[in-house]
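Listed below, chain by chain, are the residues.
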Amino acid sequence: MAAYLLQRLAYVLLVGLGITAVTFLVSQVIPIDPAVAALGENAREEQIQEFRRRYGLDEPLPVQYAIYLQRLFQLDLGRSLRTNRPVAEDLKEFFPATLELALAAFLVALALGLPAGIWAALRQNRPPDLTVRLLALLLGSTPVFFLAILLLDLLHRQLGLLPGPGRLDPFLFPPPRVTGMVSLDALLARDWPAFRDALARLILPAFVLGAASAALLARMVRAAMLDVLSQDYIRTAWAKGLSERWVVLGHALKNASLPVLTLLGGLLGGLLSGAVLTETIFSWPGLGRYVTQSATSLDFPAVMGVTLLVGVIYSLLNLVVDLLYALLDPRIRYA
Amino acid sequence: MYLYTKYEGGEAGMRHWLWILVLSAFFPALAQDRTQILVYGGDFTDLITLDPQIVYEFSGVMIADNLYETLVRFEGNDFSTLRPGLAESWKVDRGTDAWILTFKLRRGSRFSTGREVTAKDVVFSFERALALKGPSSFLFANIAQLKPGATRALDPYTVEVRLPKTASPQSFLAILTFTIGGVVDSEEAQRNAKGGDFGRDFLSQNSAGSGPYRLVRWDRGSQVLLEANPQARVKPKIPRVILRYIQEPAVLRTALESGEVDIAEGLTPEALRALTGNPRFKVVRADTLRLQYLAVNMKEGSPFANPKLWEAVRWAVNADELVQGLLQGNATKIQTLIPKGLLGHNPTTPYKYDPDRARRLLAEAGYAQGLEFELLASTGICGGGVPCPDVAAKLQADMAKAGLRARIRTIATAELLNIYRAQNHQMVLAGWSPDFPDPDGNATPWSDFDARSLAWRNSYRDNVAAQLARQAALETGVEKRRALYRLLTERVLREGPYVVLYQPAQPIGLSVKVEGFLKNPMMSVPLWQVSKQP
């Protein structure tokens, strides 16, 4: 087991290295000069030269890459060309917002997708099943920006049921920053009005971001459950006279959860990699917005930092999923 | 009303938490006195630092302007009269080998830290600007030719600055009104300095100024919080200001309509039209000093090396239709190189849309069959809030009727600037804002080839124009200076590589409750003058 873990962790390292190489190459193909992008239309030649010198952009490419790697091994992600701050600091600032939103969206996906999928499988080809399938199709195919603006307009502007964009009512004083997740920080500070508002403000973006995942999850759970429900041991369970609850949750769901688990790992990874559209529309200061701004100004230390972070998270999530397999299915063992 | 207040500070069971979760969505936040808080919504994503000697982005300048005071300042939209700031008086003397500017500081101005503003803080701030070499430092180092050591404290309330005779003291005074001239608390900056950075890291996200507000908190990408500086000489009408990042125009409109923001900057023309008909809102049009223009490359080998062709282009653009149609009146038609609002602006607009005349000029130049060329345009937003590709398409259609067939190439702004700076364009649609509110902010870059700015990029080498710009920059007599700019603008209008199209205005949507809001053409907003009715 320990050997397996080490091997997998080495693999994560390799993925990280691959990511830096590809990102570095891509940054060279784009015909934008980061110095000009950062300094703007009135910049003078001397300023541009000075900028290149300061950020080592005047060095040959392999040298730039070598310097980057050398720093990386000391856990230094470099300085952003746009914000002129250490990339690690920027990530610390923007990642918690993404984490908060992604976790909330993940909860939404689980809370909606899981029961809907099970319910649909149990009532196959009957109205509940058809309803779930239709809703899943609708939610899965509605463009995020459309859904977001529609819901904001309806639930916030017209009906006033939910608060507007942003993480906190601007008229409230934000809680002291501890985790960077406003709802959690408000809870830690026992600032109830802020906590309530922060939670209420999570509802819409989390729903918008989680809707497509919920749809996907519902369909996946339904298919997996249908597959399991038709097997002999389930028939035996029914025959023994077990209650529906016990058969479904105790026997069927556990075996249906292996393929679902794979999907969940991918879904959470996807949600964490930052949702540009959701973050833009809901004025959510997360990784997605940070990386789009960095990309348009060819701020490659920043782009590289985000790509690396997301890549490592993906690899680690995959590892966790693989380890969970062993927990759920006694036949799987890692040597 | 709040069902769960009794759990404050205590342990709450799982079920109670669930209740809180459910209920939290449906209860509005605690009612508070909203007249004491001003919420300003807009796209502030360009904000990267609030250090007055470094900041050079629109949002950063706008905020820093409320945190720091300068020796002298302009008020409102009047850029011809300097007014006292931290300095209660000043004079300019013509020394034998230098200009000598002497500033008398007013007594009793205090930083938010409680310390008094003295001459040594001014010296520190100016030296700091030169040492840090930030994006705006060329204003001091190149335009004003200020050297390290040239600023001295004669006594705690008197500052002397010496400038070379080749520099313009008028330009320097205008530059001093900009954030780079903001005076920081030297003790506070030095106390927080790291490795000789003059407190750069600290001041990028903290404030130490004597302005009406102080920075309380900046959540990047989310909001900036300002509070009244208790020590300030100028007391703001609203004690707390929040700047909220809202990038998406449709969302911004929603936020304004639902009262989540009081001021909305960056609304679309449709949203503005809708607001104009609603009694709860009003629209303010802020003047800018930006010019949107077409430029042709005069370089040998370029299709536009022949002057007849530039002349043809001037008669082939329909700026009136552009301003009234596409821009919905959010701009003024201008044809000369100094924008309205600055000394020396020349309102003449001799060129009208006349495709036949343009066609004749083309034929005289030997292009009876017309001319095909490439027009570069940014994928971004042009002055007046309209996408640049739309402006380019309108110009393309106008010019086509005159036989000028433009092939539009739209690319990212940074890429466009790269091509433009390398003189590899044929025609470009671009914008320009002066670096400081003085006509020289346009005159020299547009007419002096050796300044390696716009004139250089377009291979426009005109010694007479360059000489006029230099002479006007150094002239201290207002009327003489105005006359020199008149000559310069007339000359460049007819002989330069530019076709100036318009000067955009920036529309901003406000709640009717907001009073005293003003955004001046240098993008500064005196937030301390704003008040809010209940």
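Look above for the structure.
Treat the numbers as computed from the prediction; the structure is a model and nothing was measured.

(A) Up close: the overall build of chain B. When you go through chain B residue by residue, the secondary structure sums to 18 helices and 22 strands. At 26 Å, chain B has a C-alpha radius of gyration in line with the 24 Å of a compact globule built from 534 residues. Oriented by its inertia axes, the alpha-carbon framework of chain B measures out at about 90 × 65 × 40 Å. In chain B, 68% of the contacts between residues at least 6 apart in sequence involve partners at least 24 apart.

(B) Highlighting the overall build of chain A. Counting its regular elements, chain A contains 14 helices and 0 strands. Its helices and strands in sequence order give chain A the pattern α-α-α-α-α-α-α-α-α-α-α-α-α-α, from N to C terminus. Each principal axis of the C-alpha atoms in chain A carries an extent, and together these give about 85 × 55 × 40 Å. A burial count over chain A gives 52% of its 335 residues as buried. Residue pairs in contact within chain A that sit at least 24 positions apart in sequence constitute 72% of those at least 6 positions apart. Total accessible area computed for chain A in this model is approximately 15,600 Å², and 68% of it derives from carbon and sulfur atoms. Distance between charge centres in chain A, computed from 28 positive and 25 negative side chains, equals 10 Å.

(C) Broad picture of the sheet that holds strand β5 (residues 98–105) of chain B. Residue and element names in this part refer to chain B. Pairing within the open sheet is antiparallel, and its 4 strands lie in the order β4-β5-β7-β6. Two strands close off the open sheet at either side, each with one partner strand: β4 (87–94) and β6 (151–155). Recorded for the sheet is a direction-independent mean angle of 20° between the axes of neighbouring strands. Note that β5 and strand β7 (residues 158–164) share 7 bridges and pair antiparallel. The partner of Ala 98 across the bridge, within β7, is Pro 164. In this fold helix α5 (residues 169–176) packs onto β4, β5 and β7, with an angle of close to 35° to the strand it touches most, β5.

(D) Examining the side chain of Asp 185 of chain B more closely. Residue and element names in this part refer to chain B. Of note, Asp 185 is situated in the loop between α5 and α6 (186–191). Classification of Asp 185 as buried rests on a relative accessible area of 1%. Looking at Asp 185, its side chain comes within polar contact range of the side chain of Arg 115, at 2.6 Å. There is a polar contact of 3.1 Å between the side chain of Asp 185 and the backbone nitrogen of Glu 187. Ignoring anything within four residues of it in the chain, the contact list for Asp 185 reads Phe 111, Thr 113, Arg 115, Asp 121 and Ala 208.

(E) Spotlight on the interface of chain A and chain B. On the chain B side, the residues contacting the 59 residues of chain A number 67 residues. Interface area, chain A with chain B, both sides summed: about 5,400 Å², of which 54% is carbon and sulfur. In terms of surface lost to chain B, no three residues of chain A exceed Glu 41, Phe 171 and Arg 196 of chain A, which account for 17% of the buried area on that side. Inspection of the chain A/chain B interface yields 4 salt bridges. The partner of Arg 201 of chain A in a salt bridge is Glu 260 of chain B, and the shortest N-O contact between them spans 2.6 Å. One can count 9 residue pairs in polar contact (both at pLDDT 80 or more) joining chain A with chain B. Of all the elements in the fold, those that place two or more residues in the side of chain A that touches chain B are α2 (34–39), α3 (45–54), α5 (87–122), α7 (144–158), α9 (192–229), α12 (276–281) and α13 (287–296) of chain A. Counting residues per element, the side of chain A that touches chain B draws most heavily on α9 of chain A, which supplies 8 residues. The class makeup of the residues in the side of chain A that touches chain B is 30 nonpolar, 11 polar and 18 charged.

(F) Expanded view of a nonpolar patch on the surface. Residues and elements named next belong to chain A. Nonpolar side chains collect at one region of the surface, where Val 22, Val 26, Val 29 and Ile 30 lie side by side and expose about 350 Å² of accessible area between them. Within the secondary structure layout, Val 29 lies in helix α1 (residues 2–29). Residue class for Val 29 comes out exposed when judged on its relative accessible area of 67%.

(G) Just the environment of Arg 133 of chain A, in detail. Residue and element names in this part refer to chain A. Following the sequence through the fold, Arg 133 ends up in helix α6 (residues 127–141). The partly exposed category is assigned to Arg 133, whose relative accessible area is 37%. Arg 133 sits 13 residues away from Ala 120 along the chain, and the two C-alpha atoms are 7.8 Å apart. Excluding residues that lie within four positions of it along the chain, Arg 133 makes contacts with Asn 125 and Arg 222.

(H) Summary view of the pairing of β7 of chain B. Residue and element names in this part refer to chain B. The element β7 is largely enclosed, with a buried count of 5 among its 7 residues. Where β6 lies against β7, 4 bridges are found, and the strand directions are antiparallel. Each residue of the ladder has a partner; that of Ala 153, found in β7, is Val 159.

(I) Inspection of the packing of α1 of chain A against helix α14 (residues 300–328) of chain A at higher detail. All names here are of chain A. Running from N to C, α1 and α14 cross one another at 155°; their axes reach a closest spacing of 9 Å. Considering their axes alone, α1 and α14 lie roughly antiparallel with respect to each other. Crossing of α1 against α14: the hand is right-handed.

(J) Molecular detail of the packing of α6 of chain A against α9 of chain A. Residue and element names in this part refer to chain A. Direction vectors running N to C along α6 and α9 enclose 140°, while the axes themselves pass 8 Å from each other. As judged from the angle between their axes, α6 and α9 are oblique. Here the hand of the crossing between α6 and α9 comes out left-handed. Here α6 contributes Asp 129, Val 132, Arg 133, Ala 136, Leu 137, Leu 139 and Gly 140 to the contact with α9, which in turn contributes Phe 207, Ala 211, Ala 212, Ala 215, Ala 218, Arg 219 and Arg 222. Class assignment for the residues of the contact of α6 with α9 results in 9 nonpolar, 1 polar and 4 charged.

(K) Just empty space enclosed by the protein, in detail. All chains considered together, the criterion is met by 6 cavities of 30 Å³ or more. Within this model, the largest cavity holds a volume of roughly 190 Å³. Sorting the residues of the lining of the largest cavity by element identifies α8 (182–188) of chain A together with β8 (213–219) of chain B as the ones contributing at least two each. Class assignment of the residues belonging to the lining of the largest cavity gives a composition of 5 nonpolar, 4 polar and 8 charged. Each pocket or cavity is described by its volume, and for the second largest cavity that value is around 160 Å³.

Rules used in this analysis
- Residues numbered from 1 in each chain as written.
- Chains lettered and ligands numbered in written order.
- Predicted model: local features only at pLDDT ≥ 70, side-chain atom pairs only at ≥ 80, totals over all residues.
- Heavy atoms only, no water.
- Helix = DSSP H or I, 4+ residues; strand = E, 2+ residues; numbered from the N terminus.
- Rg over C-alpha atoms; globule rule 2.2 N^0.38 Å.
- Contact = heavy atoms within 4.5 Å.
- Buried < 20%, exposed > 50% of the residue type's maximum accessible area, 1.4 Å probe, protein only.
- Areas by Shrake-Rupley, 256 points an atom, 1.4 Å probe, with all protein chains shown as cover.
- Lys, Arg positive; Asp, Glu negative; His and termini not counted.
- Charge placed at Lys NZ, Arg CZ, Asp CG, Glu CD.
- Pairing = 2+ DSSP bridges.
- Axes fitted to C-alpha atoms, helices over the stretch in contact; angles between N-to-C directions.
- Polar contact = N/O pair within 3.5 Å; in protein donor to acceptor, adjacent residues only side chain to side chain.
- Buried area = accessible area lost by both parts, 1.4 Å probe.
- Salt bridge = Lys/Arg side-chain N within 4 Å of Asp/Glu carboxyl O.
- Nonpolar A, V, L, I, M, F, W, Y, C, P; charged D, E, K, R; others polar.
- Patch = residues over 30% accessible without salt bridge, like charges linked within 9 Å, V, L, I, M, F, W, Y side chains within 5 Å.
- Parallel < 35°, antiparallel > 145°, perpendicular 65-115°, else oblique.
- Left-handed = near helix turned anticlockwise from the far one by under 90°.
- 1 Å grid on protein atoms, 1.4 Å probe; cavity = no way out; pocket = protein on both sides within 12 Å on 5 of 7 lines; lining within 4 Å.
- Points joined across faces, edges and corners; volume = space filled by probe spheres on them.

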